[in-house]
Amino acid sequence: MDTKFIGKKSAAAGGWGALKSCGKQLLQSGMPISGARTMLKANQPDGFDCPGCAWGDPEHGSSFEFCENGVKAVAWEATEKRATPAFFAEKTVSQLRQLTDYELELNGRLTHPMRYDAASDRYLPVAWEDAFAEIGSILRGLDSPNRAEFYTSGRASNEAAFLYQLFVRVYGTNNFPDCSNMCHEASGIAMRQAIGVGKGTVLLKDFEEADAIFVIGQNPGTNHPRMLGDLRRAVIRGARVVVFNPIRERGLERFSDPQDKVEMLRGGSTDIASLYLQPQLGGDMAAVRGMAKAVLAAEDAAVAAGLPSILDHAFLAEHCAGLAEYRAAVEATSWAEIEDQSGLSRQEIERAADVYVNAERVICTWAMGVTQHLHSVATIREIANFMFLRGNIGRPGAGLCPVRGHSNVQGDRTVGINEKPSDDFLDALEKQFRFTVPRQHGHNVLAAIGAMLDGSAEAFIGLGGNFARATPDSALVEKALRRLKLTVHIATKPNHSHLMPGETAFILPCLGRTEMDLNAAGNSQLISVEDSMSMVHGSAGINRPASPHLLSEVAIIAGIAQATVGSAVVDWAELADDHDRIRDHIEATIPGFENYNKRLRKPRGFHLRNTAAHRDWDTPAGRASFSSEALPDETVHQRARKGEGRFALQTFRSHDQYNTTVYGLDDRYRGVYGERQVIFIHPADLEAMNAAAGDRVDVVGEHDDGIERIAENFRFVPYDIPRGSIAGYYPELNVLVPLGSAGRESDTPTSKSIMVSFRRRKTA
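Model, not experiment: these values are computed from the prediction.

(A) Geometry of the sheet that holds strand S22 (residues 647–652). Strand order in the closed barrel made by the 6 strands is S22-S30-S27-S29-S28-S31, with mixed pairing throughout. Adjacent strand axes in the sheet meet at a mean angle of 45° when their direction is disregarded. Pairing of strand S27 (residues 678–681) with strand S29 (residues 710–718), which is carried by 4 bridges, proceeds in the parallel orientation. The residue bridging Ile681 from the neighbouring strand is Pro718, located in S29.

Here it is, written out as structure tokens:
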């Protein structure tokens, strides 16, 4: 059996492996020297914001505020390779569709606007003016603006996102399927219910004061590596880190900081997790409920013994609502139910609760391991409940910290990319721009796909991203896109979404984050982004554009808007030529952006006030609100074990990947090399199936809608993961995620709760 793709895992995250990977990526870009110079301007006050993750920047940064994945993202964008019209002339779209994501994007930066020619099945060059005119004509010709879908990726700047939502609302719809719908939608909903604001309550400096940090359903080593530096520094000064993650992730076990010369020279590393617990998929809510049960039991014991109270009664009395109902719900939840659903023992959960009880200041962080389940909103409400018990919100060194993915996914939502906008925001738009704003709620991602499938949507415009590969049910999404009258993709590189053209289709190439955006006067334009800590800071590219034919995202949006709705309401060209004017409009319509242009030009930018961080609760009760929801009747792993040969699957990234962008074929933190079609599985589960490492299988999705979903030709990798749970990479496994399976309230695809079985393949 071929197992050459399974090798040694890195001894620690970071370290020499990270430096070697950085060098490899810069060499692969074809611009190793200029690429290295570019990296020195990443996340600097006089440079550009890293196009990778949304982790915050320190108030007093160093000259090296980037990580391995930041280097990958910049090298990927700043490559010398070009996907020119000649590239599209060589192969038909049907032929290009046979390439992998990695092979396709290796062809480099797009250089010209392109239009699909169905007769030749090829993309051909088109003039910008002609592209804008045809797009505008088709959009104006639709029966209703609600028959168009306007997608946004988290890479778009605040300025581009604000202009985009303004154009779409002048056009007449709130159809804003957004990447937020597929990741942290549950976080925003749950936190608005619990604390009145849908953003994290901590700043980066709070990690310098926390006594304990709980990391739930999150893999910072791959997804936001700079966070490991903050965890490492917290551990060194004595903080404890408690991890809940079904799979053992190297970055949460040990980290070697490439910026620590002594540690690097000695080949050492720092242990990160003080306690590493591996719940079953979907078992996080039960685990957190169990910790709360242990904390309440400790409180009762302390009271009975005449000892100091465990709970923060002053906080609970002054700031909270619903404690009695929550306590009743906890007491009604048995330890047997908690253990069965979480997959953890009572003793393990009590050990984690003991860390919480003995910490004065606690931060809780989480990511998609929590948000992509049926009961994600309830799970995050439970996390908030747990943090309320000892007053761990609204004071230094403590708080809630959902860690967002793409660099400006939070900012896009702040400036208006929302299919369910608030009346206050719409009122402000009407007052500022004097037009009748559409009030009907629009489509999120799943609703947009449904509308495309049933024919009620006829046009799709994507501001960045790779919609077809990021979304669930890949085969259905391809069908949905290809039946449209119009598809438009604003992008920096070719990707698979471009190869699913509608009747009329355009690829519109834009500037990257690292490139200069010069206006008509030759002045460099500044954009802005918001990180996971609600810090807003400026970003200005330093490199020459990859092609003289590129336009900024703002300029492309303005061009489409002008051709579609004209300039009676908004002078689009004026805004495209002066981003300060866009920011003036943001300041006039969105609270928190006072003196936007002035504050943006200060080093490290400014902070958007978080009401909950000041214990100002914008909830119906006017207080932080407990939820008393019961645990789910059944989680995916509990359902899976009822049938022979069924497993609970989660999808995740490899280490050589960011979102749908694949930088390489290695995952050195998990010991997989040159292969992506793999399934991580417990060795005992392999033995029970009479299977071995490297065996080939088809993975079969199980959902009750009559649709056959199969991911073909995957190979087993034995791994430290709970029995009955398995894992593998997206987007390859997105074909198994049913459109009909979405989080309650959040409507987020349940990419961490997929029921599957296996079909053995014949060996050659």
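What follows picks up the thread again.
(B) Inspection of the packing of aromatic side chains at higher detail. Scanning the entire structure with this criterion turns up 28 aromatic pairs. Taken together, the aromatic side chains of Phe150, Tyr164, Phe167, Tyr171 and Trp572 make up a single cluster linked through ring pairs. Sitting over the face of the ring of Tyr658, Arg653 holds its NZ or CZ atom 4.2 Å from the ring centroid. Positioned above the aromatic ring of Phe652, the side-chain terminus of Arg670 is 3.8 Å from the ring centre.

(C) Representation of the nonpolar core. Core analysis: the biggest nonpolar cluster contains 61 residues, and Ile195, Phe214, Phe244 and Phe388 have the highest contact counts within it. Core analysis: the second largest hydrophobic core is formed by 60 residues, Leu429, Ile490, Ala540 and Ala558 among them.

(D) Structural context of the sheet that holds strand S7 (residues 212–216). Read across the sheet, 5 strands follow the order S11-S8-S7-S13-S14 without closing on themselves; strand pairing throughout is parallel. At either end of the open sheet lies a strand with only one pairing partner, and these are strand S11 (275–277) and strand S14 (399–402). Averaged over all neighbouring strand pairs, the angle between strand axes comes to 15°, with direction disregarded. With 3 bridges connecting them, strand S8 (residues 240–244) and S11 associate as parallel partners. The residue of S11 that forms the bridge with Phe244 is Leu277. Against the sheet, helix H18 (residues 346–357) touches S7, S8, S11 and strand S13 (362–366), its axis set at about 140° to S11.

(E) Layout of the state of the cysteines. Applying the stated criterion across every chain yields a total of 0 disulfides. We note that Cys183 lacks a disulfide partner, and the nearest cysteine sulfur, in Cys179, lies 5.5 Å from it. We classify Cys183 as buried; its relative accessible area is 12%. Residue Cys364 stays outside any disulfide, its sulfur separated by 9.0 Å from that of Cys401, the closest cysteine. Judged by relative accessible area, which is 1%, Cys364 ranks as buried.

Thresholds, definitions, all that
Residues numbered from 1 in each chain as written. Predicted model: local features only at pLDDT ≥ 70, side-chain atom pairs only at ≥ 80, totals over all residues. Heavy atoms only, no water. Pairing = 2+ DSSP bridges. Helix = DSSP H or I, 4+ residues; strand = E, 2+ residues; numbered from the N terminus. Axes fitted to C-alpha atoms, helices over the stretch in contact; angles between N-to-C directions. Phe/Tyr/Trp six-rings, centres within 6.5 Å; stacked < 30°, edge-to-face > 60°. Lys NZ or Arg CZ within 6 Å of the ring centre and 35° of its normal. Core = buried A, V, L, I, M, F, W, Y, C linked by side-chain atoms within 4.5 Å. Buried < 20%, exposed > 50% of the residue type's maximum accessible area, 1.4 Å probe, protein only. Contact = heavy atoms within 4.5 Å. Disulfide = S-S within 2.5 Å.

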